[in-house]
Structures are given as structure tokens and as C-alpha cells.
Amino acid sequence: MANTETTARAAGTAVERTPQWAALAAHHTEISGVTLRQLFADDQKRAESFTVQADGLYLDYSKNIVTSRTIELLVALAEAAGLRSGIEAMFGGERINVTENRPVLHVALRAPAGVSIRVDGVDVVPEVHAVLDRMSAFADRVRSGVWTGATGEHITTIVNIGIGGSDLGPAMAYEALRDYTDRSIAVRFVSNVDPTDVWEATHDLDPAKTLFIVASKTFTTLETLANARAARSWLTEALGEKAVSAHFVAVSTNAEKVAEFGIDTANMFEFWDWVGGRYSMDSAIGLSLMVAIGPAHFREMLAGFHAMDVHFRTAPFERNIPVLLGLLGLWYRDFFGTQTHAVLPYSQYLARFPAYLQQLDMESNGKSVDLDGRPVQVPTGPVVWGTPGTNGQHAYFQLLHQGTTVVPADFIGFVRPNHPGVGEVDQHILLMANFLAQTEALAFGKTAAEVAAEGVAPELVAHRTFAGNRPTTTLLASRLDPFTLGQLVALYEHKVFTQGVIWGVNSFDQWGVELGKVLAGRIIPELTDHSVPLRHDSSTNALISLLRSA
Ligand code: F6P
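Every value quoted in this text rests on a predicted model; they were computed, and no experiment measured them. (Residues numbered from 1 in each chain as written. Predicted model: local features only at pLDDT ≥ 70, side-chain atom pairs only at ≥ 80, totals over all residues. Heavy atoms only, no water.)

Trainee: Help me get a handle on the overall build of the protein, residues and values and all.
Mentor: A count of helices and strands for the protein gives 22 helices and 13 strands. In terms of C-alpha radius of gyration, the protein reaches 25 Å, essentially the compact-globule figure of 24 Å for 550 residues. In terms of overall dimensions, the protein has C-alpha extents of about 75 × 65 × 60 Å along its principal axes. Across the 550 residues in the protein, those meeting the buried criterion constitute 52%. Within the protein, contacts between residues at least 6 apart in sequence are counted, and of these 74% link residues at least 24 apart. In the structure as shown, the protein presents an accessible area of about 23,400 Å², 55% of it carried by carbon and sulfur atoms. The averaged location of the 59 negative side-chain charges in the protein is 1 Å from the averaged location of its 42 positive side-chain charges. (Helix = DSSP H or I, 4+ residues; strand = E, 2+ residues; numbered from the N terminus. Rg over C-alpha atoms; globule rule 2.2 N^0.38 Å. Buried < 20%, exposed > 50% of the residue type's maximum accessible area, 1.4 Å probe, protein only. Contact = heavy atoms within 4.5 Å. Areas by Shrake-Rupley, 256 points an atom, 1.4 Å probe, with all protein chains shown as cover. Lys, Arg positive; Asp, Glu negative; His and termini not counted. Charge placed at Lys NZ, Arg CZ, Asp CG, Glu CD.)

Put into C-alpha cells, the structure is as follows:
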């Protein structure tokens, strides 16, 4: 472990003032004319040198605009920024979420029994396993039909009501692991306060066979409570008040509010304030997922998370997958000035993965002050976006190939399909051919001379030329299974952490969501009672008046 006393962070130096930053800036100027064509031509073993494997996950970052010197300099920056001591502080349960005075211990959620992680002198791992055991017992009862609704019917649909981290993780993972779900129990997710969301999720269900999981860390979130109340009315209109205990369970850190809502705290699955909302899918927040895939698969997913935790904590930075992803992202964001980062899974099952990463990354690193509240002087988190390949190829890939903005992209693919396909055509081959072709085309492009040599009409040559040099990172795993999904999620969690440490921001608070919540709280009574005088700006006043007149 690095001596914390020697790091720039420990000395209070902003990252952009370190000699390591200056060295990277100079290096960027030096290699700004370098192309991926040239880098590959100069080094026949480039793919080998820029590849790392960990527990079956294969990272090829050779199609990035980096040399071994770039990686050396980026690693030096990570060291100077105190990443080593930062990792140890997180795993050691220090209160690194300084603005909320909390430890950040999602790594404890997947720590194997027997490992000890202490918060204020108390080992939290036994508590984590006790909740996992309760969740497993509950999931087994629902899956086997032992848990019945108020009228004795088996549960056939679970409706998870939550938002943000209490929705995106389980919703993403339910899609990702559909192949592992018990198809006799469907899971639906309600998050939006738009009444159509809860209506669509319930109107065709049989209340007697429906179980609601109300998931909210705080149990004060407007959207979730409104949806939970709507669901409760829908249920009690059909089955009466007494049915609530058989049809509602809660996941929360706030037993008092759960009881106040009318859910028996015996049916509450707890987690802890040291788990951030966007880092909680492997806590009790994953209960709906566990019912769907079963406790054994859930635990395989936790093992995948843990394997990535161990890799992150122990692998040298230059062979550390989350660190490398974090450093590459920072390289483009801060030295090339890129604004966005695409995540492109070549798996339909990972359709919700980019949306999940949007909260993970943008709520964590979308910050403009450092840990001490001083304005940051360098760009921090990018806009993260993406959709599954190959759909994106027929939509926005035009811009990725020929647009005026460079978008670094992660391509995520799998060697084997979850389903072999139907009929004679091997669709997985078609999918993966596209996966490979895109990163090849983005990296190497097609010169005007090559286009002309194909006999293209001179006036079309410019249109059909591809500049190339568009950076991509390839992540390849053998198959999308619970273990791999756990690895992937933990990989991005730690990527975000790596960047947050280097930028010197608090990746674990989200004050930026508060102002809108407060203002909405002020507008609700103004929309309800039209006699309340309006004291907003002229635009907001006029818009409220329009809504009032409807
Ligand atoms: O509004 C942002 C946020 O606080 C997220 O960080 C969190 O995941 C989400 O709301 C939901 O919060 P809760 O689980 O407390 O309902």
C-alpha cells in the first residue's frame, strides 16, 4: 500500500497541480497526431500488451489512443491522487462519504461469511448474512408457494415499487438474468410518479396473486410512497385492509416509516445507511431479483461482485480492470475534452445496463466541487449513455463513425449466447461479427485513398471516408450469467470510485437532486389549491397558470 503521506491528495494538492498531471498534459500534446493504425502497425503485439483478464472477464483496451507510456503516466497520477489509500479507506469502513459522515461499504454486501468488516467497532458481515438468509427464506417461500396471498392463492406476480437505486439495479438485473428466472413468477417494476406507471403495472393483475415489494432506503421518497399508496388502494379495494400484510413487504433502512405506512416490520428486509442507493442492488434492494432468480443464483451474483472487489483491491493498477477503465475515461474527459461516454452491450438482456450506469456514474461523479467544497478545475463525470448493439448501429452510430464529436465507447460482448437461436442461421455469429466489425471500423476507419481505390466516384469519396481513431474498449466474458453480471456491476462501481478519488470529489452524496425535490414540494399545493398566490419567475408562473386552467 502507498504511503498516504506521500500522495498529492494527502498534501492537499488539487490533482491538476500535480507534476503527474503536467506530465500527462505534455504527453497528450506529444501523441496528439498518433493514430491507432500507426500504433498497431508499429507493435505487432499491441493487443497482447493491452489486454487484462480477471476471473474469466477479458479486457482489451488496445483500441484506445494510448501507449505504454500513457498507462505509466496515468497510473502515476492514480498513485499521486492517493487511490491506493482511498481503496483501503473504503474497504476499511472509513467515513469517506464526508458530506453525510458515512462509511461506504457496498463491498461488505458481498463479503463471504467469515470476513470481518467493522463499522464503529462492529463487524457488519454477520448482519449482512443474516439479512441474506432471511431474504433467501422469504424467496423460497414465495417461489414454492408456501407464502400465499390473503385468500390462499400462490403469488404469480411481484411488483417492485421503488425509484433510482431502489429500482434501476433490480430492474436491470431482472432483465439481464431473465434466463435464470422462474417463469411462473413475473416481476414488474414501478418507479415513475406518473400514474400511468402503476396503472399499467397493475390493471391486468389479480390482486389475490400479487405481492408488492416497496423498496426505499429512506421510505420518504415522494414517488415511491405515492405509488405504494396507489397500489395499496388497488389491493384493499379488492381484498380489504386485512390483506395488506400478505401482499406488502418492505425493503428499507427506516423501520419507523415502514410501520407508519402500515407494513408489518416483521415483513421488512433491512439494509444500512452505509449502503448508497445506487450501490444497493446486491443488498435487500435485490429482493425482487432474488425471488425471480432464486437464492442460489443471487449468491452466485454476489460471488461475481466479490471476485471483482478482490481484483480491484489487490491487482496492480496497470493490470487492474476497474482502475484501467477509470483512467481511460479520465484520459479522454480531461485531456481530449470528450463530453460523453457510451456503453454498448451486445446483449439484449443488458438493455437496461446503460440506464443503470447512468445513475451509478452521473449521480456519483456529476460534481463540480471537491471534497473541501472548492470548485473543481477540471471536467469531472461524463454523460453516460448507450443502448444494446446492434440497434444503435442503425441509429446513432453514424455520428460515432463520422460525426464531429469523439465518443469513447465500451463494447460488452459474450462468447457464448444464452440461447442458441431458432432455425438455421446462427444469430449469435451475426451479433458478434457486428460487435467486432464496429470496433475495427471505429479504430481504423477507411482512408480517402482506400475509398477511391474501390472505384467510388470522386464526388463521393469524402462522404465515404472514415477518419477512424475513435477509441473503444472491449469487455468480453464467456456467457451472461449471475457471476458475470456481478463482476460487471462491481467493475463499473470501482471505475467510478477510481475517477472520483482522482478528481477529489465525493462520489457518494447526491445533493444535486435536492433542489428540484424542494421546489416540487412547493408547487404541489399551488397546483392543488388554485387560490394560492404564485410567487415564482414569470415563466414558471405562466406554466402553473396553464396547468391550473386545464
Ligand atoms: O433522488 C435520488 C435518490 O436519493 C437516489 O440516490 C436514490 O437511489 C433514490 O433517490 C431513491 O431513494 P430511496 O431508496 O430512499 O427511496
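Trainee: Which residues make up the UniProt feature "active site" (unreviewed entry) in the protein, and what values go with them?
Mentor: The UniProt record marks Glu363, His394 and Lys517 with the feature "active site" (unreviewed entry), using the residue numbering of this structure. A maximum C-alpha distance of 37.3 Å among these annotated residues, which run over 155 residues, shows that they spread across the structure rather than meeting at one spot. Those annotated residues lining the largest pocket are, specifically, Glu363 and Lys517. Inspection of the secondary structure puts glutamate 363 in helix α15 (residues 353–365). Here lysine 517 lies in helix α21 (residues 514–528). (UniProt positions renumbered as here; feature names shortened; annotations may be inferred. 1 Å grid on protein atoms, 1.4 Å probe; cavity = no way out; pocket = protein on both sides within 12 Å on 5 of 7 lines; lining within 4 Å.)

Trainee: If you had to explain the pairing of strand β6 (residues 186–190) to someone new, which residues and values would you point to?
Mentor: Looking at chain direction, strand β5 (residues 157–161) and β6 are connected through five bridges and run parallel. Considered in β6, the bridge of valine 159 is made with arginine 188. You can see the chain leave β5, run along helix α7 (residues 168–176) and come back into β6, and the turn it takes is right-handed. (Pairing = 2+ DSSP bridges. Right-handed = clockwise from strand over helix to strand, strands pointing away.)

Trainee: Describe the site of the ligand, and please don't skip the residues or the numbers.
Mentor: Every one of the 14 residues lining the ligand counts as a neighbour, but Ser166, Ser216, Lys217, Thr218 and Thr221 are closest to it. One of the side-chain nitrogen or oxygen atoms of serine 216 is found 2.6 Å away from an oxygen atom of the ligand. Protein chains bury 87% of the 390 Å² of accessible surface belonging to the ligand in isolation. Grouping the amino acids of the shell around the ligand by side-chain chemistry returns two nonpolar, nine polar and three charged. (Near = heavy atom within 4 Å. Polar contact = N/O pair within 3.5 Å; in protein donor to acceptor, adjacent residues only side chain to side chain. Nonpolar A, V, L, I, M, F, W, Y, C, P; charged D, E, K, R; others polar.)

Trainee: Give a detailed account of the pattern of salt bridges, specifying residues and quantitative values.
Mentor: Overall, the coordinates contain 22 salt bridges when judged by the stated rule. Arginine 479 serves as the salt-bridge partner of aspartate 179, at 3.7 Å between the closest nitrogen and oxygen. Remark: arginine 479 occurs in the loop between β13 (472–477) and α20 (482–503) and aspartate 179 occurs in the loop between α7 and β6; sequence separation between them is 300 residues. Given the relative accessible area of 22%, aspartate 179 is considered partly exposed. (Salt bridge = Lys/Arg side-chain N within 4 Å of Asp/Glu carboxyl O.)

Trainee: Report on the side chain of glutamine 487, specifying residues and quantitative values.
Mentor: Note that glutamine 487 resides in helix α20. The exposure class assigned to glutamine 487 is buried, which follows from its relative accessible area of 2%. With residues up to four places along the chain from it excluded, the contact list for glutamine 487 reads Ala54, Asp55, Leu57, Gly304, Phe305 and Met308.

Trainee: Which residues make up the packing of helix α6 (residues 125–144) against helix α13 (residues 295–314), and what are the values?
Mentor: Here α6 crosses α13 at 145 degrees, and the two axes come no closer than 9 Å. Residues His129, Leu132, Asp133, Met135, Ser136, Ala139, Asp140 and Arg143 of α6 touch α13, and the partners they reach there are Pro295, Phe298, Arg299 and Leu302. Class assignment of the residues belonging to the contact of α6 with α13 gives a composition of six nonpolar, two polar and four charged. (Axes fitted to C-alpha atoms, helices over the stretch in contact; angles between N-to-C directions.)

Trainee: For the domain arrangement of the protein, give the residues involved together with the corresponding values.
Mentor: On domain assignment, one finds that the protein holds domain 1 (43–94 + 315–503), domain 2 (107–298) and domain 3 (513–549). For domain 1 versus domain 2, the distance between C-alpha centres works out to 32 Å. Taken together, the contact pairs 26 residues of domain 1 with 22 residues of domain 2. Both faces combined, the contact of domain 1 with domain 2 buries some 2,100 Å², and carbon together with sulfur accounts for 61% of it. Considering only the surface of domain 1 that becomes buried against domain 2, Tyr349, Arg352 and Tyr356 emerge as the three largest contributors, covering 29% of it. Across the contact surface, domain 1 and domain 2 share three salt bridges. Here domain 1 and domain 2 share nine residue pairs in polar contact (both at pLDDT 80 or more) between them. Elements with a minimum of two residues in the side of domain 1 that touches domain 2: α15 and α20. In the side of domain 1 that touches domain 2, the residues fall into 13 nonpolar, seven polar and six charged. (Domains from an automatic or database assignment. Buried area = accessible area lost by both parts, 1.4 Å probe.)

Trainee: Tell me about helix α5 (residues 83–91), and name the residues and values.
Mentor: Of all nine residues in α5, seven are buried; the element is thus mostly enclosed. Taken as a whole, α5 has its buried residues at Leu83, Ser85, Gly86, Ile87, Ala89, Met90 and Phe91. In the core, the buried residues of α5 are packed alongside α4 (68–80), α13, α14 (321–336) and α20. In the stretch just after α5, glycine 93 is the one whose phi turns positive, near 80 degrees.

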